[in-house]
Amino acid sequence: MNYQNPRLRRALAADYAIGVMSKAARRRFEALMRDDAKLRAQVAEWQENLMVLTESVAEQPVPDRVWQGVVARIDPQRLHLPEKRPFWSRLRILAAACSLVLAVALGVFYNHDPVSASATLLSGTQTPALRVKAHADYLQVEPLSLAAVQADRSLELWAIPVDGKPVSLGLVPKEGKGRVELSEAHKALLGTSVVLAVSLEPAGGSPTGQPTGPVLYQGPLAVL
Amino acid sequence: MNGTTASRELPSGGNERTARPIHRFVIVWRTPISTADADQLRQLLAQCSLGNRRAFETLYRSVAPRLHGVALHCLGRADLAEEILQESFVRIWNNASRYEAHLSAPMTWMVNITRNLAIDQLRRFREVPLVDGQEDSLADDSPSAHELLDSAREASALNHCLETLEGPQRQSITLAYFHGLSYAELAEQLPAPLGSVKSWIRRGMERLRRCLES
């Protein structure tokens, strides 16, 4: 047969789309289609036309078991590998989720102590040196890049109000990490707009109640 | 249509008349929804090809009743139709990446998956002679399938193209399309000379195409 004859091609494409070919003819035609994009397009066109026949076919409700069957057929392909794995990984995710929920819940119950304000204190060269987080009753201090301090010196932390003298908050803990407890007066002061500063003082802190050494770091306390 | 089918149409004719206003409503909103669906279905298929199970489930929920209808129409038996429907969705999931959006509408692709599976099943039955009981159940259900076709005939505006076909043209095309009968089998079943069957189908198809294009 001459499969290049346009009329024949159209007719065969239609036959194939309807499904009226014999088994052998179907096989031959499928072999032809594989290498012939135009023929495939023609078949697709006929198939589109033939959809008219299904337009009038009433939809049928589908029992749930069909979907379950489909899922069962699709899932085993993944389960072929170590079968328990999906189960364990699901369990692991579940466990992780549970512990996260627990951690958050515990956090809410036991940590009525959120950070209310924070400050990053910069050195003269604008390098972040110290981070200060204000909790309700104390300041949490963390070093970022503190200069080494001689043994007979201390770093003292000050709160400087907008229009007032610096108020000592206490010494910066050794190594720069730790807590600075706050008095009621300090808490009230930190509720206002202040700049935090660190000065270099004799061991034990300024003898005068005011900074005596150079201010090494400073930065505004931002309320969160 | 031949005599038997025509006589089947008669009793349902009365019911159809009373039901017609409802069908009209169906027509009004059905057509725009099905066209809007095509884009959505195309996207869902694309998602399926990426392994998105949720998209697959959405796809299933939206097209399973339609494919079930097609499977039942082909096979005429609820248990077989369910099997074919299940197999269809396994294929849709596995072959979603092979769907060629430029060639055919998503619904066409899916309907043909279902129809081909159903027809293969029917062909296997024809090769292996059925046990008596099975043959009965196949025969019993086919009128109901025809009734479905008749009662829903008004459902689509496109359908007037089917009406332009002559009885034998429509019958032979429908039998081949839904039941996978070959030319030889059609000739035997109708019964009619092979040459007549071929010309019914070819002329019918051309007429269908011209009507749909106009």
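Preceding this paragraph is the structure being described.
Residues numbered from 1 in each chain as written. Chains lettered and ligands numbered in written order. Predicted model: local features only at pLDDT ≥ 70, side-chain atom pairs only at ≥ 80, totals over all residues.

(A) Region of the structure containing the interface of chain B and chain A. At the junction of the two partners, chain B supplies 46 residues and chain A supplies 32 residues. Of all the secondary-structure elements, those providing two or more residues to the side of chain B that touches chain A are α2 (53-75), α3 (78-95), α4 (106-127), α5 (132-151), α6 (160-163), α7 (167-179), α8 (183-189) and α9 (194-213) of chain B. Residue contributions to the side of chain B that touches chain A peak at 9 residues, all from α2 of chain B. (Contact = placed C-beta atoms within 7 Å. Helix = DSSP H or I, 4+ residues; strand = E, 2+ residues; numbered from the N terminus.)

(B) Just the environment of Gly-195 of chain B, in detail. The residue Gly-195 of chain B is located in helix α9 in this model. A sequence separation of 11 residues divides Gly-195 of chain B from Ala-184 of chain B, and the C-alpha atoms of the two residues are 9.9 Å apart.

(C) The nonpolar core, seen in detail. One finds Ile-18 of chain A together with Ala-71, Leu-75 and Ala-176 of chain B to be the most contacted residues of the largest nonpolar core, which totals 61 residues. If one sorts the elements of this core by residue count, α2 of chain B sits on top with 11 residues. Dropping the residues within four chain positions of it, Ala-176 of chain B is found in contact with Ile-18, Gly-19 and Val-20 of chain A together with Leu-181, Leu-186 and Ile-201 of chain B. With 24 residues, the next largest nonpolar core counts Leu-121, Val-132, Val-198 and Leu-216 of chain A among its residues. (Core = buried A, V, L, I, M, F, W, Y, C linked by C-beta atoms within 7 Å. Buried ≥ 20, exposed ≤ 12 C-beta atoms within 10 Å, placed from the backbone.)

(D) Layout of unusual backbone geometry. Across the junction of Leu-190 of chain B and Pro-191 of chain B, the peptide omega takes the value -25°, indicating a cis bond. Within the fold, Pro-191 of chain B resides in the loop between α8 and α9. Although it is not a glycine, Glu-175 of chain A adopts a positive phi angle of roughly 65°. The residue Glu-175 of chain A is located in the loop between β5 (167-171) and β6 (178-181) in this model. For Glu-175 of chain A, a count of 10 C-beta atoms within 10 Å puts it in the exposed group.

(E) The pairing of strand β7 (residues 194-202) of chain A, seen in detail. All names here are of chain A. Pairing analysis gives 9 bridges linking strand β4 (residues 153-161) to β7, with the strands arranged antiparallel. By the bridge assignment for β7, Ser-154 is matched with Glu-201. In this structure, β7 lies alongside strand β8 (residues 215-220), joined through 5 bridges in antiparallel fashion. Among the inter-strand pairings, Leu-196 is bridged to a residue of β8, identified as Gly-219. (Pairing = 2+ DSSP bridges.)

(F) Structural detail: α3 of chain B. A rise of 1.5 Å per residue sets the reference length of α3 of chain B, with its 18 residues, at 26 Å; its end C-alpha atoms lie 25 Å apart and thus fit the reference within 8%. Every buried residue belonging to α3 of chain B is among Leu-80, Ala-81, Glu-82, Ile-84, Leu-85, Gln-86, Glu-87, Ser-88, Phe-89, Ile-92 and Trp-93 of chain B, and all of these are buried. (Expected span 1.5 Å × (residues − 1).)

(G) Structural context of the environment of Ile-119 of chain B. Considering the arrangement of structural elements, one finds Ile-119 of chain B in helix α4. For Ile-119 of chain B and Leu-75 of chain B, which are 44 residues apart along the polypeptide, the C-alpha to C-alpha distance reads 7.9 Å. Other than its neighbours up to four places away in sequence, Ile-119 of chain B contacts Gly-19 of chain A together with Cys-74 and Gly-180 of chain B.

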